[in-house]
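Read off the chains here:
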Amino acid sequence: MKKNTIYLLIFMFSFLIIHINLFAAEKSKIAVVISTLNNPWFVVLGETAAEKARELGYDATVFDSQNDTNKEAAHFENIIAAGYKAIIFNPTDSDGSIANVRLAKKAGIPCFCIDRGINSTGDAVAQIFSDNYTGGMLMGRYFVKQLGKKGKYVELLGVLSANPTWSRSKGFHSVVDNYKNIKMVAQQSAEFDRNKALEVLESILQGHSDIDAVWCGNDAMAMGAYQALLAAGLADKVKVFGFDGAKDVTDAIANGKITATIMQFPKTVANMGVEKADLYLNGKRDFEEKIPVSVELVTQSNISKYTGFGKKE
Amino acid sequence: MKKILIIPLMILLTALSCTIERLDEARQREAQKEFNAADYAKKFWDATLLNNLHKAVDAALLIRKIENNPAGAKKEYARTPGNSSIYYYFTGGKGYIISIEEGMIYIGLKPGGDEPDLAIVTSEIFGNAIRDGSGLLNINDFDNIQNFNDVSNEINKIVLDKVVPAFNNSLRVGDKITFTGCAEVMDEVLDLDPLLLVPVNVEKL
């Protein structure tokens, strides 16, 4: 009898453990695939998305593509094999990443692009991105005023295969190119990277030390450009303009080192992506696919309203 | 001796065979092989926009509503793309020219007034007022967001190159006009008083 009771207890305990494991396994998994985590802005984007997914009851894992489309493709293969239910996706390449989204779609896994879109319609369920073109245009207007409609400048572009690079640049040029006395003396990619921006601008300054401004497609490059100007003794003469609203740049604007940036809202973008994934997994299907999110001009005159990656609470 | 001559000659020939081009222009040229934003904008203007001017909300009604209840006017008549704080109005009506300044023509909706109800912008036209304000172009019809943005830039060029020159030098203070245009509201303090219209059509009556 005693022996039977022990067997019964063991059976019941085992049943309980198996049941708990089954229950745990039923928790859906969401993958957050980020183009690079070597940039604080994208770290905020990825972490916010993962936190939001956990808050909504999912297991969330962040994958770093390290700006490499091949690594990104490998992540997608693993995500599909591991049975994730949805992918919150920050693509490395607007064209090159389409195949990954299609692969996931074929496997029945919906993708929700955040911050960067892909050049296709009908593959991702939703694409939520900062209105980079308007941001470039806003910066262009301010840039023209700051330069008094005349001067020479350098443009540092981001990753050439990424949509935001060109949306920002084109928005900027849609304004600045209308002013004949403002001349761009060099335009080069520094791949959204602070160290590359430092190197690229150092090299450009050897032939163009008479510039009045540097327009950078993101804040990491703006900080690199500022370092190069500081080393060349030109930091007080040359105005630096960025894009993102990263903490080091909002601090630098407050200290008068950087002239302006465009504030994107990575937390808004990430949260919207995850909320839409949650709605999808709960049965909603009619989504507006391409959703631009507002950006705002941050200058020394309104910096008191802002902090890194958003507005002050 | 021969080698000494051949090497500089080869360098010269290589240099002459290369052309230097701006990165953005090279990329735009490649993109335009598939999509011509200028052609698209022209077709949109002629075939869609000009045939839908009747969809513009009456300016007198809109201005009255903005003055009395700006939030209600926004809710009823504005267009907001995506999750944006920027919004747009598509409006038209008849009015009288109160003053003409560099880049701006000020309009009163009633005769004899000296406070402008709105202004028509005639230079430095940037942004997406007509693309997003008319409600006649949809971002989801464009696979590539760059094409959508390029169309906006080309629409602004049509305004500056064709629409504005057609009326700008012929109008005088006191003239009665009919107008249609789109307004982009980024800052409610600066952009609503008066409402700044990017013109689609302006004619002297």
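Definitions and limits used
- Residues numbered from 1 in each chain as written.
- Chains lettered and ligands numbered in written order.
- Predicted model: local features only at pLDDT ≥ 70, side-chain atom pairs only at ≥ 80, totals over all residues.
- Heavy atoms only, no water.
- Salt bridge = Lys/Arg side-chain N within 4 Å of Asp/Glu carboxyl O.
- Helix = DSSP H or I, 4+ residues; strand = E, 2+ residues; numbered from the N terminus.
- Buried < 20%, exposed > 50% of the residue type's maximum accessible area, 1.4 Å probe, protein only.
- Contact = heavy atoms within 4.5 Å.
- Polar contact = N/O pair within 3.5 Å; in protein donor to acceptor, adjacent residues only side chain to side chain.
- 1 Å grid on protein atoms, 1.4 Å probe; cavity = no way out; pocket = protein on both sides within 12 Å on 5 of 7 lines; lining within 4 Å.
- Points joined across faces, edges and corners; volume = space filled by probe spheres on them.
- Nonpolar A, V, L, I, M, F, W, Y, C, P; charged D, E, K, R; others polar.
- Phe/Tyr/Trp six-rings, centres within 6.5 Å; stacked < 30°, edge-to-face > 60°.
- Lys NZ or Arg CZ within 6 Å of the ring centre and 35° of its normal.
- Pairing = 2+ DSSP bridges.
- pLDDT = per-residue confidence, 0-100.
- Patch = residues over 30% accessible without salt bridge, like charges linked within 9 Å, V, L, I, M, F, W, Y side chains within 5 Å.
- Areas by Shrake-Rupley, 256 points an atom, 1.4 Å probe, with all protein chains shown as cover.
- Lys, Arg positive; Asp, Glu negative; His and termini not counted.
- Charge placed at Lys NZ, Arg CZ, Asp CG, Glu CD.
- Arc of directions from axis to C-beta.

Considering the pattern of salt bridges
- What the rule picks out here adds up to 20 salt bridges over all chains.
- With a shortest N-O distance of 3.4 Å, Lys149 of chain A and Glu124 of chain B are connected by a salt bridge. Of this pair, Lys149 of chain A sits in the loop between helix H5 (132–146) and strand E6 (151–157) while Glu124 of chain B sits in the loop between strand E4 (118–121) and helix H6 (129–133), each in a different chain.
- With relative accessibility at 44%, the residue Lys149 of chain A sits in the partly exposed group.
- The exposure class of Glu124 of chain B is partly exposed, given its relative accessible area of 39%.
- Across the salt bridge formed by Lys196 of chain A and Glu191 of chain A, the nearest N and O atoms sit 2.8 Å from each other.
- Residue classification places Lys196 of chain A among the partly exposed positions, given a relative accessible area of 35%.
- A relative accessible area of 39% places Glu191 of chain A in the partly exposed class.
- One network of salt bridges, in which partners are shared, links Lys52, Glu55 and Glu275 of chain A.

What to know about the environment of Asp123 of chain A
Residue and element names in this part refer to chain A.
- Counting through the fold element by element, Asp123 comes out in the loop between strand E4 (111–114) and strand E5 (126–130).
- As a C-alpha pair, Asp123 and Val44 span 79 residues in sequence and 26 Å in three-dimensional space.
- Discounting residues that sit within four places of it in the chain, Asp123 has contacts with Ile98, Val101, Arg102, Lys105, Ile118 and Glu289.
- A distance of 3.0 Å separates a polar atom in the side chain of Asp123 from a polar atom in the side chain of Arg102.

So, empty space enclosed by the protein
Residue and element names in this part refer to chain A.
- Within this structure, the stated rule accounts for one cavity of 30 Å³ or more.
- Lining the largest cavity are Asn39, Trp41, Phe42, Asp115, Arg116, Pro164, Arg168, Phe192, Asn218, Asp244 and Gln264.
- Where the lining of the largest cavity is concerned, the elements lending two or more residues are helix H2 (40–55) and helix H6 (163–176).
- For the lining of the largest cavity, a count of residues per class yields four nonpolar, three polar and four charged.

Observations regarding the packing of aromatic side chains
All names here are of chain A.
- On inspection of all chains with the given rule, the structure shows 18 aromatic pairs over all chains.
- Through pairs of rings, three or more aromatic residues link up here, namely Phe143, Tyr153, Phe172, Trp215, Phe241 and Phe243.
- Its end group placed over the ring of Tyr84, Lys29 keeps NZ or CZ at 4.7 Å from the ring centre.
- Arg285 extends its terminal NZ or CZ atom over the ring of Tyr280, reaching a point 3.7 Å from the ring centre.

Here we look at the side chain of Asp244 of chain A
All names here are of chain A.
- Mapped onto the fold, Asp244 is located in the loop between strand E9 (239–241) and helix H9 (247–254).
- Looking at Asp244, the relative accessible area reads 4%, which means it is buried.
- At 2.6 Å, the side chain of Asp244 forms a polar contact with the side chain of Gln264.
- Setting aside residues no more than four positions away along its own chain, Asp244 makes contact with Trp41, Arg168, Asn218, Asp219, Thr261, Ile262, Met263 and Gln264.

Points about the layout of surface pockets
- What the largest pocket holds in volume is close to 1500 Å³.
- Lining the largest pocket are 40 residues; nearest its centre among them are Arg141 and Lys145 of chain A together with Met186, Leu190 and Asp191 of chain B.
- Listed by contribution, the elements that provide at least two residues to the lining of the largest pocket are H5 and strand E12 (296–299) of chain A together with strand E5 (176–185), helix H8 (188–191) and strand E6 (195–204) of chain B.
- The biggest single contributor to the lining of the largest pocket is H5 of chain A, with five residues.

With respect to unusual backbone geometry
- Look at the link from Asp193 of chain B to Pro194 of chain B: it is a cis peptide, with omega at 0°.
- Locating Pro194 of chain B in the fold gives a position in the loop between H8 and E6.
- Even without being glycine, Asp115 of chain A reaches a positive phi, approximately 65°.
- Inspection of the secondary structure puts Asp115 of chain A in the loop between E4 and E5.
- Judged by its relative accessible area of 2%, Asp115 of chain A is buried.

A word on the pairing of strand E2 (residues 59–64) of chain A
- Here strand E1 (residues 29–34) of chain A pairs with E2 of chain A via six bridges, running parallel. The residue of E2 of chain A that forms the bridge with Lys29 of chain A is Asp59 of chain A.

Some points on the confidence of the model for chain A
- Averaged over chain A, the pLDDT score is 93; the fraction of residues at 70 or greater is 92%.
- Here residues 19–24 of chain A is a poorly scored stretch, pLDDT under 50, and it has zero contacts once near neighbours within four places are set aside; other chains count.

Quick word on a negative patch on the surface
- A contiguous patch of negative charge, built from Glu67, Asp114, Glu115 and Asp193 of chain B, is present on the exposed surface.
- Examined against the element boundaries, Asp114 of chain B turns out to sit in the loop between strand E3 (104–108) and E4.

Focus: the environment of Lys305 of chain A
All names here are of chain A.
- Mapped onto the fold, Lys305 is located in the loop between E12 and strand E13 (306–307).
- Sequence separation of Lys305 and Ile30 is 275 residues, and the distance between their C-alpha atoms is 34 Å.
- Lys305 has contacts with Lys311 and Lys312, leaving out every residue within four places of it along the chain.

Let's talk about helix H4 (residues 98–106) of chain A
Residue and element names in this part refer to chain A.
- Of the residues making up H4, those classed as buried are Ile98, Asn100, Val101 and Ala104. For H4, the buried positions fall inside an angular range of 165° around the axis, keeping them on one side. Exposed side of H4, more than 90 degrees from the buried face: Ala99 and Lys106 are the residues found there.
- For H4, the secondary structure elements touched by its buried residues are helix H3 (69–81), strand E3 (86–89) and E4.
- Just downstream of H4 lies Gly108, where phi reads positive at about 85°.

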